[in-house]
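Take a look at the letters that make up each chain.
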Amino acid sequence: MSNGILVINAGSSSSKFSVYVMDGGLHFVTKGQVEGIGVGIQPHFSAVNAAGETIADELWPSFEVGKRHSSLLRLLIDWIEGHLGDATLKAVGHRVVHGGQKFAAPAMVTPEVVSELKGLVALAPLHQPHNIGPIETLHDMHPELPQVACFDTAFHTTKRLEASLLGLPRKYLDAGVRRYGFHGLSYEYIASKLAEVAPQVAKGRVVIAHLGSGASMCGIKDGRSVDSSMGFTAVDGLMMGTRTGALDPGVVLHMVQSEGMDGKALEKLLYKDSGLLGVSGGLSNDMRVLLASDDPNAREAVDLFVYRIVKEIGALACALGGIDALVFTAGIGEHSAEVRKRVIEQVKWLGITLDPVANQNNALCVSAADSSVSAWAIPTDEELMIARHTQRLVFGV
């Protein structure tokens, strides 16, 4: 009988999951999500198998306030256990956004670890509580089931100190206000994949662009994080689907003093109403929609998105002392040939030459054979990275 590993990536209104089986290796079985949790609609459950075929597409019950996530998780566990075949669920890995200064690597979940994670809620109030919730619920349901917390910040703990500091009074730094960096599980996976497909490149200076609804960039050297675009929170750095990205602090002061905004209104502005959506005049936060539109606001939104990426490539190349490769990943990075083309055209001075055919076909390597700096489009897999960590910590494999 094989061991099954469940990976959970829980958010405020949705929970994604993936299931793997240890059978002479780590094999993907199924993945899916529960959407519409606590937003006034009936939750929608969907799942696909390893062949990409839909095996579930249904509405689930609406549970009362305070029991929604836990009740839906119980349904999910029941469904997963019924779709494991001869395997048995033996471990669960969780994506946890913030590991603070203490967690530089994935950790087995204990009451002490949960307590530490709760202490970090103030650093990631929109994410951390929803990451902790399933951990506690699963402990109540199956106290014997090993759980592993995998942190989005951990990969960036190799940054040198000055890449983590902020220009604030020391007391705030001592209280944990510093540049952490996020999307670490994605960067860790890309670093491991690059080591497989281009080992010499992986040992060099690589800039990775994780471009999705949430977007960030990271400079790695010999597979280790040197610096990243995101800082204290996941709203910093690149402009994103609905998030502002890097913003002059004076703008926030202006919104408070001149517009009368309070914390909640600012949070909504910075996280929900800005980015591609805001700059496009409310048209869309979907890059595909914006690229297909002839609206000048849509064009400006795309232009700003590309411009910020280009600037960050230059900054990270400086932090690395040069660049040997550029990697695009996540939804936009993996699938938008047009965005990759626009970015590479503006950084060709770095020595990157695009292969138009390879780029249009979303090939693994999208740079020309004679390009002195290579460019890649590598699909990320944060869930597999979490499953690997869980397998290692629980089973020692």
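Everything discussed here concerns the structure shown above.
To keep things clear, this report deals only with the structure shown in the data block. Think of each chain on its own: its residues are numbered from 1, step by step along the sequence as written. Where totals are concerned, whole chains, interfaces and linings use all residues; where local detail is concerned, this predicted model gives features only for residues with pLDDT of at least 70, and gives and counts side-chain atom pairs only at 80 or more. Excluding hydrogens and water, the side-chain values take into account all heavy atoms of the structure.

To continue, consider the overall build of the chain. Counting secondary structure elements, the chain contains 15 helices and 13 strands. Restricting the calculation to C-alpha atoms gives the radius of gyration, and the globule rule supplies 2.2 Å times the number of residues raised to the power 0.38. Over its C-alpha atoms the chain spans a radius of gyration of 21 Å, differing by no more than 12% from the 21 Å that the globule rule assigns to 397 residues. Dimensions of the chain, computed from C-alpha atoms along their principal axes, come out at roughly 55 × 55 × 45 Å. Only protein chains enter the area calculation, which uses a 1.4 Å probe; residues under 20% of their type maximum are buried, those over 50% are exposed, and those in between are partly exposed. Expressed as a percentage of its 397 residues, the buried residues of the chain come to 51%. Once local pairs closer than 6 in sequence are excluded, the contacts in the chain between residues at least 24 apart make up 61%. For the chain, the exposed surface amounts to about 17900 Å²; the carbon and sulfur share of it is 52%. In this tally Asp and Glu are treated as negative and Lys and Arg as positive; neither His nor the chain ends contributes. Where a charge sits is defined by one atom per residue type, namely NZ (Lys), CZ (Arg), CG (Asp) or CD (Glu). Taking the average location of the 34 positive side-chain charges in the chain and that of its 42 negative ones, the two points are 6 Å from each other. Elements are defined by DSSP. Helices are runs of H or I of four residues or more, strands are runs of E of two residues or more, and each kind is numbered from the N terminus. Residue contacts are defined here by distance: any two heavy atoms, one from each residue, within 4.5 Å place the two residues in contact. In these tables, accessible area is a Shrake-Rupley quantity obtained with a 1.4 Å probe, and a residue counts as shielded only by the protein chains included in the view.

Let us look at the packing of aromatic side chains. Describing an aromatic ring pair means giving the distance of the ring centres and the angle of the ring planes. A pair of aromatic rings is counted whenever rings of Phe, Tyr or Trp (Trp by its six-membered ring) have centres within 6.5 Å, and the orientation is called stacked for planes under 30 degrees apart, edge-to-face for over 60 and tilted otherwise. The full count for this structure, using the stated rule, is six aromatic pairs. Ring geometry for Phe 17 against Phe 45: centres 6.0 Å apart, planes inclined by 10°, an arrangement best described as stacked. Taken together, the residues Phe 17 in strand S2 (residues 14–22) and Phe 45 in strand S4 (residues 44–49) connect sequence positions 28 residues apart. The two residues Phe 17 and Phe 45 agree in class, both being buried. With 5.1 Å between their ring centres and 70° between their planes, Phe 45 and Trp 79 make a pair best called edge-to-face. Taken together, the residues span a long stretch of sequence, with Phe 45 in strand S4 and Trp 79 in helix H1 (residues 68–81) at a distance of 34 residues. Like Trp 79, Phe 45 is buried. An aromatic cluster of three or more residues is present, and its members are Phe 17, Phe 45, Trp 60 and Trp 79.

Think of two packed helices as two axes; the pair is described by the angle between the axes and how far apart they sit. Packing of helix H5 (residues 184–197) against helix H15 (residues 382–395) brings their axes to within 8 Å, and their N-to-C directions diverge by 85°. Comparing the axis directions of H5 and H15 gives the class roughly perpendicular. Across the interface between the two elements, Leu 185, Ser 186, Glu 188, Tyr 189, Ser 192 and Glu 196 from H5 touch Glu 382, Leu 384, Met 385, Ile 386, Arg 388 and His 389 from H15. Looking at the contact of H5 with H15 residue by residue, the classes come out as five nonpolar, three polar and four charged. Note on definitions: angles span 0 to 180 degrees between N-to-C directions of axes, and those axes are lines fitted to C-alpha atoms, for helices only across the stretch in contact. Should an angle lie under 35 degrees it is considered roughly parallel, over 145 roughly antiparallel, and from 65 to 115 roughly perpendicular; all remaining angles are considered oblique. Residue classes follow a fixed rule: Ala, Val, Leu, Ile, Met, Phe, Trp, Tyr, Cys and Pro count as nonpolar, while Asp, Glu, Lys and Arg count as charged, and any other residue, Gly among them, counts as polar.

Attention shifts here to the packing of helix H11 (residues 296–320) against helix H13 (residues 337–346). As a packed pair, H11 and H13 sit with axes 9 Å apart at the nearest point and diverge in direction by 50°. One element, H11, and the other, H13, form an angle in the oblique class. Considering how the two elements wind past one another, H11 and H13 form a crossing that is right-handed. Taking contact as the criterion, the partners of Val 302, Asp 303, Phe 305, Val 306, Ile 309, Val 310 and Ile 313 in H11 are, on H13, Val 339, Arg 342, Val 343 and Gln 346. Residue composition of the contact of H11 with H13, grouped by class: eight nonpolar, one polar and two charged. Whether a crossing is left-handed or right-handed is set by the direction in which the near helix is turned from the far one by less than a right angle, anticlockwise for left-handed and clockwise for right-handed.

This brings us to the sheet that holds strand S11 (residues 224–228). Note on pairing: DSSP must find at least two bridges between two strands before they are called paired. Strand order in the open sheet formed by five strands is S11-S10-S9-S12-S13, with mixed pairing between adjacent strands. This sheet does not close on itself; its edge strands, each paired only once, are S11 and strand S13 (374–377). Between one strand axis and the next, the sheet turns through 25° on average, direction left out of account. Bridging between strand S12 (residues 325–329) and S13 involves four bridges; their strand directions are parallel. What sits directly across from Phe 328, in S13, is Ala 377. Sitting on the sheet, H5 touches strand S9 (205–211), strand S10 (215–221), S12 and S13, and the angle it makes with S9 is about 130°.

The next thing to look at is unusual backbone geometry. Positive phi, close to 60°, is recorded for His 183, a residue that is not glycine. Mapped onto the fold, His 183 is located in the loop between helix H4 (170–174) and H5. The phi dihedral of Asp 222 falls on the positive side, at around 55°, and the residue is not glycine. Relative to the helices and strands, Asp 222 resides in the loop between S10 and S11.

Turning our eyes to something else, we now look at the pairing of S9. Counting buried positions along S9 gives six out of seven residues, so the element sits mostly inside the fold. Across seven bridges, the pairing between S9 and S10 is antiparallel. Across the sheet, residue Val 206 finds its bridge partner in S10, namely Ile 220. Hairpin remark: S9 followed by S10, antiparallel, with three residues in the connecting loop. Sheet topology note: the S9/S12 ladder contains five bridges and is parallel. Following the sheet pairing, Ile 208 is matched in S12 by Val 327.

One recurring pattern in soluble globular proteins: nonpolar side chains tend to sit buried together. Counting 57 residues, the largest nonpolar core has Leu 117, Leu 211, Phe 305 and Ile 313 as its most contacted members. Here this core takes 11 residues from H11, the largest share from any one element. Not counting residues up to four positions away in its chain, the partners in contact with Phe 305 are Leu 211, Ala 215, Met 239, Leu 276, Met 287, Ile 332 and Val 339. Here, the term nonpolar core denotes a set of buried Ala, Val, Leu, Ile, Met, Phe, Trp, Tyr and Cys residues that are joined through side-chain atoms within 4.5 Å. By size, the runner-up hydrophobic cluster in this structure holds 28 residues, among which are Ile 208, Ala 325, Trp 376 and Leu 384.

Every buried residue belonging to helix H2 (residues 111–118) is among Val 113, Val 114 and Leu 117, and all of these are buried. Buried residues in H2, looked at end-on, bunch into an arc of 100°, giving them a common side. Facing away from the buried side of H2 by over 90 degrees, the exposed positions are Pro 111 and Glu 112. Where H2 is buried, its residues contact strand S6 (88–96), strand S7 (107–108), helix H3 (128–141) and strand S8 (147–151). Of all possible arcs, the one meant is that of the directions from the helix axis to the C-beta atoms.

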